[in-house]
Amino acid sequence: MTDPTERRLLTPEEYRAAQDSPEFVELKKRFRSFAFPMTVAFLAWYLLYVLLSTYAVDFMSTKVFGDVNVGILLGLAQFVTTFVITHLYVAHANRRTDPIADEMRERLEAHDFAPGHTGTDTTRGATRG
């Protein structure tokens, strides 16, 4: 990463070029392929819990052991589900989206998306394609 004192501001054209790049399109696709289905699944699970709590009171009040009933266990499962989804997202991001995002950030910092840029990174001597 570039030292903050050595950075120059990116132009709107550079941001637009990065946004229009195939890498960014792939990044959005990978993020959405995880986020949208997981969001729908969690909301469906939460709605099921609310509906069961409202309309299946006898089922939710079924004792499992001691004073613990099905409703309490399903309510606690909501918290567990949140942690599981967080873990799954972090693993997904580390494996599928962060490498692309890191590469794009480096290219933005090197101004590889600037109009007329030749693809040669003079600060590191590398050529980007």
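Values in this document were obtained by computation on a predicted structure and should not be read as measured data.

Asker: Is there a simple way to think about the pattern of salt bridges in this case?
Answerer: Oppositely charged side chains can form a pair if their charged atoms are brought close together. A full pass over the atoms with the stated rule returns 6 salt bridges. Taking the shortest distance from any N to any O, the salt bridge between Lys63 and Asp67 comes out at 3.6 Å. Residues Lys63 and Asp67 agree in their burial class; the two are exposed. When salt bridges with common partners are traced through the structure, they connect Glu23, Arg107 and Asp112 into a single cluster.

Asker: Mind showing me how you'd approach the packing of aromatic side chains here?
Answerer: Where two aromatic rings form a pair, the distance of their centres and the angle of their planes describe that pair. Enumeration over the complete set of coordinates arrives at 2 aromatic pairs. Measuring from centroid to centroid gives 6.3 Å for Phe31 and Tyr89, while their planes differ by 90 degrees, and the two rings are edge-to-face. Placement of the pair is Phe31 in helix H2 (residues 22-55) and Tyr89 in helix H4 (residues 70-109), with a sequence separation of 58 residues. Between the aromatic rings of Phe34 and Tyr89, the centroid separation amounts to 5.7 Å while the plane-to-plane angle is 50 degrees, which identifies the pairing as tilted. Of the two residues, Phe34 sits in helix H2 while Tyr89 sits in helix H4, which places them 55 residues apart along the sequence. Relative accessible area serves as the criterion here: at 33%, Tyr89 is assigned to the partly exposed category. Members of the aromatic cluster, joined through ring pairs, are Phe31, Phe34 and Tyr89.

Asker: I'm lost on unusual backbone geometry in this one. Help?
Answerer: With the exception of glycine, most residues fall at negative phi, and the peptide bonds are largely trans. Despite not being glycine, His111 has its phi angle at roughly 60 degrees, a positive value. You can see His111 is positioned in the loop between H4 and strand E3 (120-121). When its relative accessible area of 12% is taken as the criterion, His111 is described as buried.

Asker: Would you explain the nonpolar core in this entry?
Answerer: A general trend in soluble globular proteins is that nonpolar side chains are found buried together. Listed in full, the 6 residues of the largest apolar core are Ala18, Leu27, Ile100, Met104, Leu108 and Phe113. For this core, the element with the most residues is H4, which contributes 3 residues. Among residues more than four places away in sequence, those in contact with Ile100 are Glu23, Glu26, Leu27 and Arg30.

So, how was this worked out
Residues numbered from 1 in each chain as written. Predicted model: local features only at pLDDT ≥ 70, side-chain atom pairs only at ≥ 80, totals over all residues. Heavy atoms only, no water. Salt bridge = Lys/Arg side-chain N within 4 Å of Asp/Glu carboxyl O. Buried < 20%, exposed > 50% of the residue type's maximum accessible area, 1.4 Å probe, protein only. Phe/Tyr/Trp six-rings, centres within 6.5 Å; stacked < 30°, edge-to-face > 60°. Helix = DSSP H or I, 4+ residues; strand = E, 2+ residues; numbered from the N terminus. Core = buried A, V, L, I, M, F, W, Y, C linked by side-chain atoms within 4.5 Å. Contact = heavy atoms within 4.5 Å.

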